[in-house]
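Residue-level listing of the chains:
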Amino acid sequence: MDNCIFCKIAAGTIPSKKVYEDEDLIVFHDINPAAPMHLLVVPREHISTLADCTDRHQALLGKMLLLAPKLAGEHGGGYIDGADGPAGGFKSLLNTGPDGGQEVYHLHLHVMGGPRPWRGQR
Ligand code: AMP
Ligand code: ZN
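A brief look at the structure comes next. (Residues numbered from 1 in each chain as written. Chains lettered and ligands numbered in written order. Predicted model: local features only at pLDDT ≥ 70, side-chain atom pairs only at ≥ 80, totals over all residues. Heavy atoms only, no water.)

### Some points on the sheet that holds strand β1 (residues 18–21)
Across the sheet, five strands lie side by side as β1-β2-β3-β7-β6; this open sheet has antiparallel pairing. A strand with exactly one partner marks an edge of an open sheet, and here the two such strands are β1 and β6 (90–93). Adjacent strand axes in the sheet meet at a mean angle of 15 degrees when their direction is disregarded. The pairing of strand β2 (residues 25–29) with strand β3 (residues 37–43) spans five bridges and is classified as antiparallel. Counted as the bridge partner of His 29 is Leu 39 from β3. On the sheet, helix α2 (residues 58–74) packs against β1, β2, β3, β6 and β7 (109–113) and is oriented at approximately 155 degrees with respect to β3. (Pairing = 2+ DSSP bridges. Helix = DSSP H or I, 4+ residues; strand = E, 2+ residues; numbered from the N terminus. Axes fitted to C-alpha atoms, helices over the stretch in contact; angles between N-to-C directions. Contact = heavy atoms within 4.5 Å.)

The following block contains the structure:
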């Protein structure tokens, strides 16, 4: 999509603080973080919203979700189920449409974590 900011980031024509990429996905830091760790998991394919996904996207959506705990662990938002009980953790968020608070119409998964309290409480 010509006028899509996340397509431009995926293509490398707009800079980002990239932390991961593969043939399907790119992950970068949110420019306006709402938590100590705030990453965006973005498919290379332009899909406007979660509501535009079809059965064809089942594996892609699973891949996005399964990447979240790995990335969180690497970037200060890891979840630990330790001997002293659970610690750490992160929020995984998909905003859909105006009433869902979506601002960028290219599918993305927010992965937010780090020590509480956070500045933003999404
Ligand atoms: P949403 O409201 O779910 O559509 O979230 C869009 C997110 O994209 C917001 O948290 C923005 O801060 C973030 N964002 C917008 N432009 C950029 C950019 N150029 N680089 C990184 N994050 C961005
Ligand atoms: Zn796009």
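Now, onward.
### Notes on the site of ligand 1
In the vicinity of ligand 1 lie 17 residues, with Asp 30, Glu 103, Val 104, His 108 and His 110 positioned nearest. Within the contact set of ligand 1, an oxygen atom lies 2.5 Å away from a side-chain nitrogen or oxygen of Asp 30. In the environment of ligand 1, an oxygen atom lies 2.9 Å from a nitrogen or oxygen atom belonging to the side chain of Asn 95. Counting residues per element, the ones that place at least two in the shell around ligand 1 are α1 (5–11) and β2. A per-class count over the shell around ligand 1 returns seven nonpolar, seven polar and three charged. (Near = heavy atom within 4 Å. Polar contact = N/O pair within 3.5 Å; in protein donor to acceptor, adjacent residues only side chain to side chain. Nonpolar A, V, L, I, M, F, W, Y, C, P; charged D, E, K, R; others polar.)

### Some thoughts on the pattern of salt bridges
Under the criterion given, the structure shown has five salt bridges. With its nearest N and O atoms 3.0 Å apart, the salt bridge here joins Lys 18 to Glu 21. The partly exposed category is assigned to Lys 18, whose relative accessible area is 44%. With a closest N to O distance of 2.7 Å, Glu 45 and Arg 56 form a salt bridge. Separated by eleven residues along the polypeptide, Glu 45 in the loop between β3 and α2 and Arg 56 in the loop between β3 and α2 bring together distant segments of the chain. Glu 45 sits in the partly exposed class, given a relative accessible area of 32%. (Salt bridge = Lys/Arg side-chain N within 4 Å of Asp/Glu carboxyl O. Buried < 20%, exposed > 50% of the residue type's maximum accessible area, 1.4 Å probe, protein only.)

### Some thoughts on the coordination of the zinc ion (ligand 2)
Coordination of the zinc ion (ligand 2) by the protein comes from Cys 4 (SG), Cys 7 (SG), His 46 (ND1) and His 106 (ND1), over a distance range of 2.0 to 2.3 Å. Its four donor atoms give the zinc ion (ligand 2) angles of 105 to 118 degrees at the centre, a pattern that matches the tetrahedral case. In the primary sequence, the donor residues of the zinc ion (ligand 2) line up as C-x2-C-x38-H-x59-H. Taken as a pair, Cys 4 in the segment before α1 and His 46 in the loop between β3 and α2 lie far apart in primary sequence, 42 residues in all. (Donors = N, O, S within 2.8 Å, 3.2 Å for Na, K, Ca; no water. Tetrahedral: all angles 85-135°; square planar, octahedral: opposite > 155°, others 65-115°.)

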